[in-house]
Every structure is written in C-alpha cells, then in structure tokens.
Amino acid sequence: MVYIITKERIDMPKIKILPENVASKIAAGEVVQRPESVVKELLENSIDAQSTHITLIIKDAGKTLIQVIDDGIGMTEEDAMLAFQRHSTSKISDIDDLERITTLGFRGEALYSIAAVSRVELKTKTNGMELGTHISIEGGKFIEQRRVNCEKGTNIIVKNLFFNVPARRNFLKSNATEFKHIYDTFQRLSLSYTNLRFTFIDDDKLVIDLPESSIEKRIQFYFGESFLDSLIPVRFENENLKVWGYIGAPHFAKKAKGQQFLFLNNRFVINKSISHAVYRGYEHLIEKGEYPFYLFFINLDPKRIDVNVHPSKLEVKFDDENLIYSSIYSAVKDALSTKDFSPQIELKELDDFSAQTRFKNPIVEASGFIAKEIYGQPKKELTEKDFTSTQKQKSDKEDLFIETDIVEKTKQILNSLTVEYIDDSVETNVTRQVWQLHNKYILTPIKNGLMIIDQHIAHERILYEKAIQSIENAIPLSQQLLFPQTIELSKPDFELVMELKEYLEKIGFDLKPFGKSAIIINGIPQDVKQGKEKEVILDILEMYREFAMSSINDEKDSLAKSFACKSAIKAGDPLTEKEMLSLIDNLFACKIPYVCPHGRPVFIKLTIDELDRRFGRTTNKEF
Ligand code: ADP
Ligand code: MG
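Note that residues are indexed from 1 along each chain, following the sequence as it is written. Here the convention is simple: chains get letters from A, ligands get numbers from 1, in the order in which they are written. Reporting in this predicted model follows two pLDDT cut-offs: at least 70 for local features of residues, and 80 or more for side-chain atom pairs to be given and counted; totals over whole chains, interfaces and linings ignore these cut-offs and use all residues. Only heavy atoms go into the side-chain values, all of them from the structure, while hydrogens and water stay out.

A. Main features of the sheet that holds strand E7 (residues 141–148). For two strands to count as paired, DSSP must find a minimum of two bridges between them. For helices the rule is a DSSP run of H or I covering at least 4 residues; for strands it is a run of E covering at least 2, with both sets numbered from the N terminus onward. Taking strand neighbours across the sheet as the criterion, the 8 strands line up as E7-E6-E5-E8-E3-E2-E9-E10 in an open arrangement whose pairing is mixed. For this open sheet the edge positions go to E7 and strand E10 (205–210), each flanked by a neighbour on one side alone. The mean inter-strand angle of the sheet, taken between neighbouring strand axes irrespective of direction, is 10°. Across 5 bridges, strand E3 (residues 65–70) lies against strand E8 (residues 153–159) in antiparallel orientation. What sits directly across from Leu 65, in E8, is Lys 159. In what follows, residue pairs with any heavy atoms lying within 4.5 Å of each other are defined as contacts. Here the axes come from fitting lines to C-alpha atoms, over the contacting stretch only for helices, and the angles between their N-to-C directions go from 0 to 180 degrees. The strands touched by helix H3 (residues 35–48) within the sheet are strand E2 (53–59), E3, E8 and strand E9 (197–202), with E3 carrying the most contacts at an inclination of about 10°. Of the strands in this sheet, E2, E9 and E10 are in contact with helix H7 (residues 175–192), which crosses E9 at around 170°.

Put into structure tokens, the structure is as follows:
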C-alpha cells in the first residue's frame with residue numbers, strides 16, 4: 001500500500017470503535033426511519049468533515065437514490081472500511097468527550113445503520129492520497145473494495161433504501177411527503193451553515209444552489225424579501241449564554257411550528273421551553289395556537305446540554321432551563337417593544353413603492369424561485385442590490401402590509417377595514433361607472449376617491465373562495481364536455497392527479513384514469529374556459545407542487561389557490577362593462593375581498609385627500 005504521507009494525514013482524526021462502556025452511554029435510537037434520516041446523517045457527516053461545498057442528489061424522494069458529494073477531508077482506506085462498523089467514529093473516544101461534543105455526529109452508528117438497509121457505494125479520498133477508495137456494501141454485506149481515481153472528499157450513494165426490509169419500505173409515505181421531510185432537513189442545515197455552499201438536485205433537476213452567504217440571504221431565499229424586511233433582530237448575551245437571531249412580525253405567525261428554528265451550537269434542536277418563552281414574549285400580539293417565526297442561534301458550553309436525550313427526535317435539555325427561559329422571554333419582549341404593531345392601512349407613496357411589493361407572499365416567492373429552477377428557467381442570482389433594495393424603503397409601519405396566512409391572520413387586521421369599506425363603498429347606484437385600464441385594472445369611483453382593482457387578482461380571490469366552498473360542501477358545479485379530452489401525463493403528474501382526484505372532482509373536474517398515465521376529462525368547472533382544460537390542469541399541478549414544497553402543506557387550500565390562480569382571467573384579457581360590474585359584485589360578496597389568496601392586494605384606493613395632497617392643495621388653503 002503506497003500512501004503519500006502528508007501533514008494533513010497525520011493530523012486527521014482516526015476512526016476507532018467505541019469501547020463498550022462509552023457506546024452504552026449513548027442513547028440508542030433507530031437511525032434510519034425514512035429517506036430523510038439518511039439525508040440528514042450524510043449531510044451532517046459532510047459538514048463534520050469540514051467541507052465547503054456539499055451537493056445532495058435524490059431520486060424518487062430518496063426512495064431509489066440518495067447521493068451526497070462533499071469536498072471535505074475524506075477518509076483513508078482503513079478508515080473507510082472501519083466507518084461502516086457499529087460504534088465506529090473519529091469524533092469521540094472516551095466518556096469525557098461526550099461532555100465536549102462540537103461535531104454533529106458522534107455515535108458512530110449512521111453509516112453502519114444505513115449500509116444495513118440499502119446498497120451503498122462510497123468513494124473517498126484524503127488530501128494526502130494519490131488514489132481514493134471505493135467500497136460497495138449491500139444490506140450490511142461487504143461486496144468489494146478497490147482503489148479508484150477520485151476527487152478529494154467523499155461521494156456516497158445510498159440506493160434502494162429498505163430493499164431488504166419490505167415492511168419498512170411499504171411504510172414510506174407518498175413522494176410528496178418524503179420530499180417535504182428531506183426539504184425541511186436541507187433547509188435547516190443550510191440555514192445554520194451559511195458559510196457552506198449547498199446544492200440540491202432532485203430527479204435530475206437543479207432545485208437549489210446556495211452560495212456561501214449570510215443568514216439574512218438564506219432567510220431571503222427561503223422566505224422572500226418582504227419577509228426578511230419584516231424581521232426583528234433579537235440579541236442577548238451574558239457570560240453564560242449568547243442568543244442571537246430574528247423573530248417575525250406578529251402577523252406572520254402560523255398555525256404550525258414549521259417556521260421556528262433553534263440552532264444550538266449550530267445544531268437544529270427543539271426545546272419546548274424556548275418555544276414557550278418566545279410565545280410569552282409576544283404576549284397579546286398573537287393568539288393561542290399561533291406560532292411566530294423565530295430563528296435563533298444559541299451558543300452554550302457543550303457541557304451544559306444533553307444532546308443525548310432523544311437521539312432522533314431532536315429534543316434537547318439544558319441544565320438551567322429557567323435561566324434560558326427568562327433570557328429568551330425578555331429578549332423577545334424587548335425586541336418587540338421597539339416596534340409599533342397597530343394596524344395601519346393607508347397608501348402613501350404609490351409611485352415609488354408599489355403596494356404590490358409590500359403584499360408579496362414570501363412563501364410563494366421563495367417556492368416560485370425554486371420551481372423556476374426546476375423547470376429549467378434561468379436561475380436568479382441574488383445580488384447585493386436585490387438584498388438591500390427594499391430595506392431602504394422599509395419603515396416599521398409597512399411591516400403590516402405583508403401577509404402570508406391570509407385566511408386567518410388578515411381577518412383580524414382587516415376586520416377594522418370592513419367598517420371603512422362600507423363607508424367609502426363602491427357606489428351602488430345604477431349608473432356606476434367602470435373603466436378598464438390597459439386590459440389589466442378596473443377603475444371605479446368610490447365615495448371619497450377612486451378604487452383601482454386588479455382584475456386577475458380579484459377574480460382569483462372569487463374563484464378561491466368558491467373552490468374552498470365546493471371542496472368543503474361537496475357541491476361541484478361541472479360543465480360536461482361534448483368531446484371528452486384524453487391527456488397523456490408524465491408519471492409524477494399522473495400520480496399527483498390521482499392523489500388530488502377527490503378534491504379536483506369537488507371543484508368541478510370530472511376525471512377518469514385511462515391506462516397507466518393518461519386521464520380522460522369528461523367535465524370541467526364552470527369557470528374554466530372550454531379548450532383550456534389541458535393547460536389549466538397542467539398549470540394547477542405545477543403550482544400545487546410549488547406549494548407542496550414550501551411550508552404550506554394544506555392540500556385543500558393549496559389546490560384551491562392553484563386552481564384560482566390558473567383559472568382566473570388574466571392581465572391582458574379585455575372585459576366588457578357587464579363583466580367588470582359582475583366581477584366587482586362577486587368580489588365584494590367574498591369573505592375577504594381585500595387580498596388574494598397569496599396575500600397581494602386586490603385593490604387600492606386613491607382618496608381625494610391624497611390627490612389633493614399631491615397637487616399641493618390643502619382643504620383650507622386655495623392658491
Ligand atoms: P459519526 O458521524 O457519529 O461519527 P458515522 O457512522 O456517521 O458516525 O460515520 C463514521 C465515521 O466515518 C465518522 O466519524 C467519520 O470519521 C467518517 N465519515 C463519515 N462520513 C464522512 C465524510 N463525508 N467525510 C469524511 N469522513 C466521514
Ligand atoms: Mg455521522
């Protein structure tokens with residue numbers, strides 16, 4: 001065996017099998033539960049190996065293939081063999097080490113457990129070696145080892161997960177669900193290791209490519225620019241504890257905990273008492289059952305944490321929970337007290353800061369970005385300019401214009417508006433005037449000014465409420481097609497249609513599977529134009545997928561939103577006066593006419609006062 005021995009190689013920690021007394025101190029847990037578990041372990045190994053660029057490749061939501069490629073320190077030939085043994089690790093060696101863990105892994109069980117239930121190919125090379133090592137293992141059985149030419153770092157492929165444990169394989173959830181788990185893990189790791197480049201390729205398509213950057217840029221990527229602008233910094237530091245990060249404006253709070261991130265010494269963890277402390281910090285700003293966004297980094301002496309409590313469930317305990325609780329509680333409370341959250345909806349600077357920007361839905365924005373990349377469109381590079389452009393225009397009040405969880409959250413803020421709306425309602429007399437501007441906006445006078453309605457967004461709101469109602473009450477209104485249409489779908493599209501068939505039917509589609517991957521459309525919802533059925537179905541599927549990938553996970557709601565967006569009249573469609581009037585009537589019969597399901601405003605009002613102000617006219621003074 002010819003090794004070129006270099007300094008790096010001598011310094012590299014060697015893999016050892018943990019002695020029984022140490023191994024037994026480590027809580028045993030089932031390491032591999034689903035494709036996501038494999039992804040997490042492999043990505044963590046790459047991070048521990050001091051990589052600077054980590055690429056995750058999956059196929060079939062990880063069920064057929066998971067591959068992680070890194071440019072880290074790699075392994076020597078002996079280490080690569082040892083790595084697959086139970087309790088083999090280079091990260092700790094004695095009981096005392098358990099008190100000072102600074103790596104993500106330390107149990108030495110992951111590679112062993114993964115190899116036991118899949119087909120693994122590993123290629124790895126350290127800096128000091130000329131040739132790398134290739135190892136194949138199937139279902140825990142060693143197949144072969146040979147020397148290969150390869151890049152420095154580690155490239156590991158895990159194929160056919162649970163191929164030898166059919167019971168486990170059958171328990172895997174749908175691809176959409178398994179993908180979501182993987183996506184969450186990738187998101188968490190890429191949010192905490194912002195100094196590394198992360199690339200994610202799903203079914204041969206580049207989904208995410210995050211260059212080394214800052215936490216702010218990563219938040220912007222995942223949640224959108226407007227979301228980033230609304231964040232409130234939190235910082236707390238004393239000799240025992242350092243906490244820093246961001247909390248979200250109260251109206252961003254969600255009904256689920258998906259947007260709460262706690263990184264303890266850079267490891268994503270869950271701690272109920274911290275979540276509760278944050279919740280208490282918001283006091284009356286949010287309601288019970290709502291979870292505000294937070295992203296905290298906490299640095300603590302590893303001695304004071306017991307990461308062992310729950311090997312797979314991410315829960316941690318602190319030795320002094322009370323101190324941490326009260327520190328977080330006051331840090332959050334103080335941060336919030338610097339902001340004014342009273343509702344304020346008034347349009348000020350129409351020309352240089354469009355209301356549209358303020359209402360942008362970060363999740364749609366973020367997932368839109370991802371989807372664009374999936375569908376092969378040019379990737380948007382985040383530039384410094386992108387990042388700062390809206391921050392300059394930001395003021396505290398404007399935070400309130402950004403809405404995400406529309407149905408629930410806007411109700412509260414907008415309830416106050418209902419009164420206002422009745423006051424300067426669209427004039428209801430017979431001679432109501434409407435104009436269409438650039439086949440895009442509808443203009444109509446209101447008592448104290450002018451209302452400008454976005455025709456697409458207004459129709460989207462109407463269709464969304466209608467769809468939700470049909471799904472909930474199961475009263476589909478379908479128009480039967482004279483000539484049923486057969487559509488050949490890709491396999492994933494076909495599966496998604498089958499998954500959503502029940503809801504699609506409630507909305508008004510009348511569909512039947514035909515052969516392996518085609519469907520016959522016999523009927524379509526009344527609002528879909530005949531001849532557009534194929535286009536609409538494909539568009540709905542595409543958009544639904546974007547939602548499924550973001551943190552919005554409510555099937556019915558996502559489908560209603562996709563349907564509404566894709567079936568609504570578009571900007572550019574000319575409308576007759578009758579159509580405009582009926583659109584306005586239907587809009588104001590909606591429960592929430594003010595914002596579209598994605599959170600953009602449906603209309604804006606330009607008041608006479610505003611016009612007066614702009615023309616330099618004041619009520620009392622005439623020039
Ligand atoms: P643990 O991470 O708990 O130590 P694993 O089973 O995940 O246990 O990995 C075993 C050992 O294999 C690690 O301690 C490390 O030395 C080595 N190893 C695993 N993955 C990599 C990698 N991507 N690059 C370099 N070394 C690795
Ligand atoms: Mg590991």
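B. Quick peek at the confidence of the model for the protein chain. Summary of the metric used: pLDDT quantifies the predictor's per-residue confidence within the range 0 to 100. Summarising the model, the protein chain shows a mean pLDDT of 79, and 79% of its residues fall at 70 or more. Under a pLDDT of 50 for its full length, residues 342–430 has, in the predicted model, 200 contacts with residues more than four places off or in other chains.

C. View of the pairing of E9. Here E2 runs beside E9; their pairing, made up of 6 bridges, is parallel. Each bridged residue has a counterpart across the sheet, and for Ile 57 the counterpart in E9 is Ile 201. In sequence, E9 turns back onto E10 through a hairpin of 2 residues, with Asp 203 there showing a positive phi of about 45°.

D. Local environment of the site of ligand 1. Not every one of the 20 residues close to ligand 1 is listed here, only the nearest: Asn 45, Thr 89, Ser 90, Lys 91 and Gly 108. Pairs of N or O atoms within 3.5 Å make up the polar contacts considered here, provided that, within protein, one atom can donate a hydrogen while the other can accept it, and that residues adjacent in sequence are counted only when both atoms are side-chain atoms. Side-chain polar atom of Asn 45 to an oxygen atom of ligand 1: 2.8 Å apart, as the coordinates give it. Separating an oxygen atom of ligand 1 from a backbone N or O atom of Gly 108 is a distance of 2.7 Å. In terms of residue class, the shell around ligand 1 is made up of 7 nonpolar, 9 polar and 4 charged. Summary of the distance rule: residues count as near a molecule or strand when at least one heavy atom falls within 4 Å of that molecule or strand. Residue polarity is assigned by list, with Asp, Glu, Lys and Arg as charged and Ala, Val, Leu, Ile, Met, Phe, Trp, Tyr, Cys and Pro as nonpolar; anything else, Gly included, falls into the polar class.

E. Molecular detail of the environment of Lys 180. Summarising the element assignment, Lys 180 is placed in helix H7. Separated by 369 residues in the primary sequence, Lys 180 and Met 549 have C-alpha atoms spaced 6.2 Å apart.

F. Geometry of the packing of H3 against H7. Between H3 and H7, the shortest axis-to-axis distance is 8 Å and the interhelical angle comes to 20°. Compared by their axis directions, H3 and H7 come out roughly parallel. The hand of the H3/H7 crossing is right-handed. Where H3 abuts H7, its residues Pro 35, Glu 36, Val 39, Lys 40, Leu 43, Glu 44 and Ile 47 lie against Glu 178, His 181, Ile 182, Thr 185, Phe 186 and Leu 189. Tallied by class, the residues present in the contact of H3 with H7 amount to 7 nonpolar, 2 polar and 4 charged. To sort the angles, those under 35 degrees are grouped as roughly parallel, those over 145 as roughly antiparallel, those from 65 to 115 as roughly perpendicular, and the leftovers as oblique. Should the near helix be turned anticlockwise from the far one by less than a right angle, the crossing is termed left-handed; should it be turned clockwise, right-handed.

G. Examining helix H10 (residues 272–282) more closely. Along H10, the residues classified as buried are Ser 273, Ile 274, Ala 277, Val 278, Gly 281 and Tyr 282. Turning to H10, the residues buried within the fold contact strand E12 (242–247), strand E13 (260–264), strand E15 (294–299), strand E17 (317–318) and helix H11 (321–337). Two or three places before Ser 273, at the start of H10, stands the capping residue Asn 271, its side-chain oxygen 3.1 Å from that residue's backbone nitrogen. Of the residues trailing H10, Glu 283 is marked for its positive phi of about 40°. A simple rule labels every residue: compare its accessible area, found with a 1.4 Å probe on the protein chains alone, to the largest value its type can have, and call it buried under 20%, exposed over 50%, or partly exposed in between.

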